[in-house]
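Chains, contacts and geometry: an overview
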Amino acid sequence: MSFDIVIIGAGPAGLCFARSLAGSGLRIALVERQPEAALVAPADDGREIAITHHSQRLMRELGLWARLQENEIGTLRDAMVIDGDDRDGLIFRHDETGKSQLGWLLSNHAIRRAAYAEVMELPESERITGVQVTAVRTASDGAQVELNTGDILHTQLVVAADSRYSETRRAMGIAASMHDFGKTMLVLRMQHDVAHDQVAWEWFGVGQTLALLPLHDPHTSSVVLTLPPQEMQTLLALDDTALEAAMASRFQQRLGAMRIAGPRCSYPLVGVYAKRFVAERFALIGDAAVGMHPVTAHGFNFGLLGQATLARELHAAVAAGQPIYSPELLHRYERQHRLATRPLYLATRMLAGLYTDDRRPARVVRKLALRVGARLRPFRMAVMAGLTVDGGTELRGSRFRLGRSERVVAVRE
Ligand SMILES: Cc1cc2nc3c(=O)[nH]c(=O)nc-3n(C[C@H](O)[C@H](O)[C@H](O)COP(=O)(O)OP(=O)(O)OC[C@H]3O[C@@H](n4cnc5c(N)ncnc54)[C@H](O)[C@@H]3O)c2cc1C
């Protein structure tokens, strides 16, 4: 079988990339190990994804937004960062930005469902699901992807979007810097007596980090708790009633009584940054290139941005009659995506380290950082511009030039 591009991994990044290539005339194969049924109706994985204004625009352009139901879209009006037992925190207010809200919240499974539905309608994309990739070979005269079915896909370019633990990246000999934060994150949809008022919280306590992500219903949020793995195991062993009481207590009863309204999903916290995003006739996109710690809520936003950057380069090459695998094209993609992602990746690592370190010096520094941030309007405006500016790669690049220290209190949108 012969294609122009083989995409490995039909997660949000791989699907959006296939969709972005619509109309290019390129023949695409999308290879995924999950069966088709799991892609048509993805299981709820508990993740609620904060979406920036720029990502929302891309999702509208790709047709995904129109496929979401109204009750699947949460409004992220304002955001608040709280430290320790403080009652109030650093508040990022939408009305300072001139926008009606800072962003949106969407379930990851809704994004996947919408993206797959779009891709199913593309005549130029062949979906090969329920298969394992057994080998990937690229050379100056072409590339091949071998499947466990015995099929060999011949292609001009291979694009891997097969998660932060990408087996294809490893098979291609591309190293990645991986940072294990040694913590586990629980994401759990909960109903609560006190309305969320469409305000997201990031609450750095002693021995735990909590986040509250407001969903469509005024009394339902996604609760995100980060703990050391052993403590998380103990918590996850509780029955529903005990877990509800434990969560209400961790929130110091600020939300009143809390009731479980979704599956319990936990994730090890590992940040990944590939040393290279490209090789001969090969590119990495999505988490396979940049796997962010969720605290700054940018994994999918970056995945969307990166695939759009690469797709734009490919459309331009086709239009100019140039090869879609040229090293110049691939390096342009790598340069742009690295510039757009590297500073926030590093700042997020620093932020996550600082805010999960319970030693006294770290506690003092973060309290100070929040107090300074609360008083500095330019600082708040810079952080909010990151969420609300709808300007594409170039603007994002300049936004991140603000410097790492200024990203210290960047919050989950
Ligand atoms: C708790 C949590 C909260 C998050 N919150 C946010 C947020 O608020 N905002 C945000 O922007 N991001 C957020 N993220 C990050 C976001 O979920 C990821 O960045 C995004 O899902 C990555 O998409 P992807 O397509 O690159 O990879 P994945 O979603 O990991 O998909 C990879 C796909 O590849 C397939 N695959 C893997 N290996 C192979 C193989 N060998 N062959 C074939 N197929 C293969 C898998 O089955 C899967 O379908 C969060 C993540 C977590 C864990």
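Located above this text is the structure these notes cover.
Throughout this document, residue positions are counted from 1 along each chain, in the order its sequence is written. Reporting in this predicted model follows two pLDDT cut-offs: at least 70 for local features of residues, and 80 or more for side-chain atom pairs to be given and counted; totals over whole chains, interfaces and linings ignore these cut-offs and use all residues. Calculation of side-chain values draws on the structure's entire complement of heavy atoms; hydrogens and water are dropped beforehand.

1. What to know about the overall build of the chain
Secondary structure elements are taken from DSSP: a helix is a run of H or I of four residues or more, a strand is a run of E of two residues or more, and numbering for both begins at the N terminus. Looking only at helices and strands, the chain has 12 helices and 20 strands in total. The rule is simple: take the accessible area with a 1.4 Å probe, protein chains only, and divide by the maximum for that residue type; under 20% is buried, over 50% is exposed, in between is partly exposed. Put simply, the chain has 413 residues, and 57% of those count as buried. When contacts within the chain are restricted to residue pairs at least 6 apart in sequence, those whose partners lie at least 24 apart make up 75%. The contact criterion used is simple: two residues touch if any of their non-hydrogen atoms lie within 4.5 Å.

2. Regarding helix 4 (residues 108-120)
To estimate how far a helix should reach, multiply one less than its number of residues by 1.5 Å. The terminal C-alpha atoms of helix 4, which comprises 13 residues, lie 18 Å apart, in line with the 18 Å expected from a rise of 1.5 Å per residue. In terms of residue burial, helix 4 counts as a mostly covered element, since 10 of its 13 residues are buried. Listed as buried for helix 4 are Asn-108, His-109, Ala-110, Ile-111, Arg-112, Ala-114, Ala-115, Tyr-116, Glu-118 and Val-119.

3. A short note on the pairing of strand 9 (residues 133-139)
In this scheme, strands are said to pair when DSSP sees at least two bridges between them. Bridge count for strand 9 against strand 10 (residues 142-147) is 6 bridges, and the pairing is antiparallel. Paired with Thr-138 across the two strands is Ala-143, which belongs to strand 10.

4. Considering helix 7 (residues 240-250)
For helix 7, the set of buried residues is Leu-243, Glu-244, Ala-246, Met-247, Ala-248 and Arg-250. Packed against the buried residues of helix 7 are strand 12 (176-192), strand 13 (199-204), strand 14 (209-214), strand 15 (220-227), helix 6 (229-236) and strand 16 (258-260). Directly beyond the C-terminal end of helix 7, a positive phi value near 50 degrees is found at Gln-252.

5. Some details on the site of the ligand
One heavy atom within 4 Å of a molecule or strand makes the whole residue count as near it. Around the ligand there are 33 residues in total, and Glu-32, Arg-47, Ala-50, Asp-287 and Phe-300 lie nearest to it. Side-chain atoms alone can form a polar contact between residues adjacent in sequence; in general such a contact is a pair of N or O atoms within 3.5 Å, and within protein one must be able to donate a hydrogen while the other accepts it. Between an oxygen atom of the ligand and a main-chain N or O atom of Pro-12, the distance comes to 3.2 Å. In this structure, an oxygen atom belonging to the ligand sits 2.9 Å away from a main-chain N or O atom of Ala-13. Surface burial for the ligand is 94%, taken as the share of its 1,000 Å² of free accessible area covered by protein chains. Put simply, the parts of the chain that give the shell around the ligand at least two residues each are helix 1 (12-20), strand 2 (28-32), strand 3 (48-51), helix 4, strand 12 and helix 8 (299-320). Basically, the charged four are Asp, Glu, Lys and Arg, the nonpolar ten are Ala, Val, Leu, Ile, Met, Phe, Trp, Tyr, Cys and Pro, and anything else, Gly included, counts as polar. For the shell around the ligand, the class distribution of residues is 15 nonpolar, 9 polar and 9 charged. A 1.4 Å probe and the Shrake-Rupley method give the accessible areas. Residues count as covered only by the protein chains that appear here.

6. Regarding the nonpolar core
A general trend in soluble globular proteins is that nonpolar side chains are found buried together. The biggest cluster of nonpolar side chains holds 80 residues, and the ones touching the most others in it are Ile-5, Phe-17, Ile-51, Met-59, Leu-153, Leu-310 and Leu-314. Counting residues per element, this core draws most heavily on helix 8, at 9 residues. Leaving out residues up to four positions away in the same chain, Leu-153 has contacts with Met-1, Phe-3, Val-6, Ala-29, Val-31, Ile-128, Ala-143, Gln-144, Val-145 and Leu-147. Working definition of a nonpolar core: buried Ala, Val, Leu, Ile, Met, Phe, Trp, Tyr and Cys residues. They are joined through side-chain atoms within 4.5 Å.

7. As for the pattern of salt bridges
For this analysis, a salt bridge means a side-chain nitrogen from Lys or Arg found within 4 Å of a carboxyl oxygen belonging to Asp or Glu. Overall, the coordinates contain 17 salt bridges when judged by the stated rule. With a shortest N-O distance of 3.8 Å, Arg-47 and Asp-45 are connected by a salt bridge. For Arg-47, a relative accessible area of 34% gives the class partly exposed. For Asp-45, a relative accessible area of 16% puts it in the buried group. When the shortest N-O distance is used, the salt bridge between Glu-313 and Arg-332 registers 3.0 Å. Here Arg-332 lies in helix 9 (residues 327-355) and Glu-313 lies in helix 8, a separation of 19 residues in the sequence. On the basis of relative accessibility, which here comes to 13%, the residue Glu-313 falls in the buried class. If you follow the salt bridges from partner to partner, you end up with Arg-19, Arg-67, Glu-118 and Glu-121 in one network.

8. Section: the environment of Leu-76
Tracing the backbone shows Leu-76 in strand 4 (residues 73-76). Here the alpha-carbon distance between Leu-76 and Gln-198, two residues 122 residues apart in the chain, equals 5.5 Å.

Honestly, it's all geometry; don't read function into it.
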